Amino acid sequence: MAHPPKAIQESNAEPQLSPEAREKVELAKTFAFHLLKGIKQIGMYRHNESRFPEFLGKALESIASYTEKFGPLSMKVEQQNFLLLGEALFSEDTPLPYKFFRDGIRQLIFRPGLTVEELTTFTLIALSEPERGAEDVLAQLWRASMEHVEYVVVEGFSMENASEEEVQVEVDKVVGYLYSRLTTNSDDYLRFARVSAEDLDARLDGVEQIRGLVVGGRHASDELKAKLQREVSEEENARLFPKLVSAVFQVVEGGVDDASLLEEIFVQLLDMLLLQDDFGTVNQIVLKLRALSQREGSEDLAKMLENFLHKMGEEQRLMRVGESLKTTRPKNPADVSRYLQGLDRDSIIPLLSVLESIEVADNRTLLCDALAGFARELPEPFVARLMSDRPQTVRDMVYILEKSNHPERVKMFGQVLKSPNLVVKLEVLNIIGRGRTGEARRIIVDALADPISQVRMLAAKLLPEFDRDKGYVDLMRLVREPGFDKKTPDERAAVYAAIGSTGTPGALSMMQQMLATKPSLLNKKRVLEDKLLAIHGLGGACSIQGYKMLQAVVEDKNQPLEVLTSARKAMYQTKKTLFGDSALSEEA
């Protein structure tokens, strides 16, 4: 048989692949060979699932070799084979490609990092038989959601007056164009969002209808997602809302023709901004409305401002503010505080309800600071809650009334001392002790007779802070009461420490006499107890004179060992309080 001319041979010959392309094809063929072999082995030993990774080991090594060197392996799916760079990958006939082709899958992509679990899942999908009741291959791939296996699906393309071969060419154009739009190395990550029908019309001719198209690509990284979210947030908060507010005020400044319509617009703006937790823009609206309402002949704007402030303080909107503050700290606490301070008295009860739901301590303080502005003029709602069963509510009300500087607040606090909660009583007593008023002192004196010893001890400690001479008299009267000796040692020590803290000559003289008393056989225990109480009193004095008296006790070797030990500790504490740690280190 005569051979064709050389020129004809060259014209009919397929273009030669480059060495790199040839290497890609060879590695892909190796992977296809081992994959098909593994599929056959798994098909024969479906009962032995533990050996599936072993059967697919060679295929996994082959795909890893390819992806490490060349990146993702993207194979075109034909009816009878998988193609790479136009080269068939399977060297023998197999129904595997047709299973994917039948469901519209036109491209399979294996990405670097493919795991043996994913390859096993892919193999089991390839072995499934939809004609015997299994789900179709496309549904199984979608359900599996494999991170390193992707696919391109094309279905339902139709064009008038075109053969199947021509349709296939047009489909490739569509897929190629959209895939190129989704692939970029530039910083313009939103470019894919600008794919439009006009773009397709400009690129494609003869495509009449596209019923469905799925294009797979690289997964967006967490950094990219975060960047996109920041860009969208900035677009909404930094530009969109301010522009919208500015446009509304341009209408307002041009003249108010329909006040009710503008009021409705502002209310919708308010709700939208609260959903975005944008309290700063709400405050700007209030300032702008207040400035415009102060102009001559702006009665409509003054009414609009009043209505806007009323809407800000309505219960449902304050509950929305509470949801924002419940568990997270706001980005701009000053904006939230300014929003709350702009409300009127009608907002007190809803705000108190909101306060009950807030868990973050800083946010509770922020809300309490805002409520303190109302408490001076209208204390009744806060006083009513002083007897609440919830200790946190009582603390909040005490804080609000104290910060409001209400002239009768100390008298109001006296009600809290009737509470059975010890912690609340101690906190309130400390707050009353800072009052330095006659009413506060009277409450402290009454607390000396409280049924709880801890409250009596704290009252004794606070009493000298008002008037030292009167405090000495009251405390000495307490010591002379018949039942004083029956009180606990801690309470008696606290009372003597309070007597010593008065620093009066009578107090120091009494301590000195107690320390100088000589015990007898009958009163030895009582004298020892009195001396220890005197040591507590000198320690409470915390003065130079008291320190010298303690030093004298330490140097007196005739004193009992318990007294010497207690005096040495009291002297150490007094020196530390008076001179700081530096004096102790120098002495050491």
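Calculation notes
Residues numbered from 1 in each chain as written. Predicted model: local features only at pLDDT ≥ 70, side-chain atom pairs only at ≥ 80, totals over all residues. Heavy atoms only, no water. Helix = DSSP H or I, 4+ residues; strand = E, 2+ residues; numbered from the N terminus. Buried < 20%, exposed > 50% of the residue type's maximum accessible area, 1.4 Å probe, protein only. Contact = heavy atoms within 4.5 Å. Pairing = 2+ DSSP bridges. Axes fitted to C-alpha atoms, helices over the stretch in contact; angles between N-to-C directions. Parallel < 35°, antiparallel > 145°, perpendicular 65-115°, else oblique. Left-handed = near helix turned anticlockwise from the far one by under 90°. Phe/Tyr/Trp six-rings, centres within 6.5 Å; stacked < 30°, edge-to-face > 60°. Salt bridge = Lys/Arg side-chain N within 4 Å of Asp/Glu carboxyl O. Expected span 1.5 Å × (residues − 1). Core = buried A, V, L, I, M, F, W, Y, C linked by side-chain atoms within 4.5 Å. Nonpolar A, V, L, I, M, F, W, Y, C, P; charged D, E, K, R; others polar. pLDDT = per-residue confidence, 0-100. Patch = residues over 30% accessible without salt bridge, like charges linked within 9 Å, V, L, I, M, F, W, Y side chains within 5 Å. Areas by Shrake-Rupley, 256 points an atom, 1.4 Å probe, with all protein chains shown as cover.

Peer 1: Mind showing me how you'd approach the overall build of the protein chain here?
Peer 2: Of the regular secondary structure elements, the protein chain holds 30 helices and six strands. Residues counted as buried form 41% of the 588 residues belonging to the protein chain. The long-range share in the protein chain, meaning contacts at least 24 apart out of those at least 6 apart in sequence, stands at 64%.

Peer 1: Just to check I follow, could you spell out the pairing of strand S1 (residues 73–77) for this structure?
Peer 2: On a regular strand, one side chain projects to one face of the sheet and the next to the other, so that they alternate. Here S1 shows a clear split, with Leu73, Met75 and Val77 buried on one side and none of Ser74 and Lys76 buried on the other. With four bridges joining them, S1 and strand S4 (residues 105–110) adopt antiparallel strand pairing. Paired with Lys76 across the strands is Gln107, a residue of S4. Two strands pair when backbone bridges link them, and S1 and strand S2 (residues 82–84) are joined in this way by two bridges, in the antiparallel orientation. For Lys76, the partnering residue across the bridge sits in S2 and is Leu83. A loop of four residues connects S1 with S2, the two strands running antiparallel in sequence.

Peer 1: Any chance you could explain the packing of helix H14 (residues 315–325) against helix H16 (residues 348–357) here in plain terms?
Peer 2: Helix-helix packing is described using two parameters, namely the angle between the two axes and the distance between the axes. In the contact formed by H14 and H16, the axes pass within 9 Å of each other and the chain directions differ by 30°. Judged by the angle between their axes, H14 and H16 are roughly parallel. Regarding H14 and H16, the two cross each other, and that crossing is right-handed. Contacts between H14 and H16 pair Glu315, Leu318, Met319 and Gly322 from the former with Pro350, Leu351 and Val354 from the latter.

Peer 1: It is not clear to me how the packing of aromatic side chains should be interpreted in this structure. Could you clarify?
Peer 2: The relation between two aromatic rings is expressed through the spacing of the ring centres and the mutual angle of the planes. Under the counting rule described, the total for this entry stands at nine aromatic pairs. Taking 5.5 Å as the distance between ring centres and 55° as the angle between the ring planes, the aromatic pair formed by Tyr66 and Phe70 counts as tilted. Separated by four residues within a single helix, Tyr66 and Phe70 lie in helix H4 (residues 57–70), roughly one turn from each other. The class for Phe70 is buried, based on a relative accessible area of 16%. Relative to Tyr339, the ring of Phe279 lies with its centre 5.5 Å away and its plane at 75°, an arrangement referred to as edge-to-face.

Peer 1: Looking at this structure, I do not really get helix H23 (residues 453–462). What am I missing?
Peer 2: The periodicity of an α-helix, 3.6 residues per turn, causes residues three or four places apart in sequence to face the same way. Taken as a whole, H23 has its buried residues at Val455, Arg456, Leu458, Ala459, Ala460 and Leu462. Where the residues of H23 are buried, they touch helix H21 (422–433), helix H22 (438–447), helix H24 (468–479) and helix H25 (489–501).

Peer 1: I tried to follow the pattern of salt bridges on my own but got confused; where do I start?
Peer 2: Between side chains of opposite charge, a pair can form when the charged atoms approach closely. Under the counting rule described, the total for this entry stands at 25 salt bridges. Between Asp485 and Arg526 there is a salt bridge, with the nearest N and O atoms lying 3.8 Å from each other. Of this pair, Asp485 sits in the loop between H24 and H25 while Arg526 sits in helix H27 (residues 524–541); the two residues are 41 residues apart in sequence, bridging distant segments of the chain. Classification of Asp485 by relative accessible area gives partly exposed; the value is 45%. The salt bridge involving Lys487 is made with Glu491; its shortest N-O contact spans 3.8 Å.

Peer 1: Looking at this structure, how should I read H27?
Peer 2: If you check H27, its first and last C-alpha atoms are 26 Å apart, about what 18 residues at 1.5 Å a residue would give, namely 26 Å. Looking only at H27, the buried set comprises Val527, Lys531, Leu533, Ala534, Ile535, Gly537, Leu538 and Ala541. Those residues of H27 that are buried lie in contact with H25, helix H26 (505–516), helix H28 (544–555) and helix H29 (561–579). One or two positions beyond H27, positive phi appears at Cys542, with a value near 50°.

Peer 1: What's the story with the environment of Gln513 in this structure? I'm lost.
Peer 2: Of note, Gln513 is situated in helix H26. Classification of Gln513 as exposed rests on a relative accessible area of 53%. Counting along the chain gives 18 residues from Gln513 to Lys531, while the straight-line C-alpha distance between them is 9.2 Å.

Peer 1: Quick question: what am I supposed to make of the nonpolar core here?
Peer 2: As a rule of thumb, nonpolar side chains are buried together in soluble globular proteins. Counting 100 residues, the largest nonpolar core has Tyr339, Phe382 and Ile499 as its most contacted members. Here this core takes eight residues from helix H17 (residues 361–375), the largest share from any one element. Setting aside anything within four residues of it in sequence, one finds Ile499 in contact with Tyr472, Leu475, Met476, Val479, Ala507, Met510 and Met511. Of all hydrophobic cores here, the second largest spans 39 residues; its members include Met75, Leu89, Phe100 and Leu114.

Peer 1: Just to check I follow, could you spell out the packing of helix H12 (residues 279–293) against helix H13 (residues 299–312) for this structure?
Peer 2: Running from N to C, H12 and H13 cross one another at 155°; their axes reach a closest spacing of 8 Å. For the element pair H12 / H13, the angle class is roughly antiparallel. For the element pair H12 and H13, the recorded crossing hand is left-handed. In contact with Val282, Ile285, Val286, Leu289, Arg290, Leu292 and Ser293 of H12, H13 contributes Leu301, Ala302, Met304, Leu305, Phe308, Leu309 and Met312. Residues that form the contact of H12 with H13 fall into these classes: twelve nonpolar, one polar and one charged.

Peer 1: Sorry, what's going on with unusual backbone geometry here?
Peer 2: Of all residues except glycine, most have a negative phi; of all peptide bonds, most are trans. Look at Leu85: it is not a glycine, yet its phi comes out positive at around 55°. Relative to the helices and strands, Leu85 is located in the loop between S2 and strand S3 (87–88). Non-glycine residue Asn405 carries a positive phi angle of around 60°. For Asn405, the position within the fold is in the loop between helix H19 (391–404) and helix H20 (409–416). Judged by its relative accessible area of 45%, Asn405 is partly exposed.

Peer 1: When you look at the confidence of the model for the protein chain in this model, what are you seeing that I'm missing?
Peer 2: Any residue range with low pLDDT should be treated as having predicted coordinates unsuitable for detailed reading. This prediction gives the protein chain a mean pLDDT of 78; 79% of its residues lie at or above 70. In the predicted structure, residues 1–14 sits below a pLDDT of 50 and forms one contact with residues beyond four places in sequence or in another chain. Every residue in residues 207–213 is under pLDDT 50, and counting partners more than four places away or in other chains gives 20 contacts.

Peer 1: Can you walk me through a nonpolar patch on the surface in this structure?
Peer 2: Nonpolar side chains collect at one region of the surface, where Ile544, Leu578 and Phe579 lie side by side and expose about 250 Å² of accessible area between them. Checked against the element boundaries, Leu578 lands in helix H29. Accessibility expressed as a relative area gives 32% for Leu578, which makes it partly exposed.

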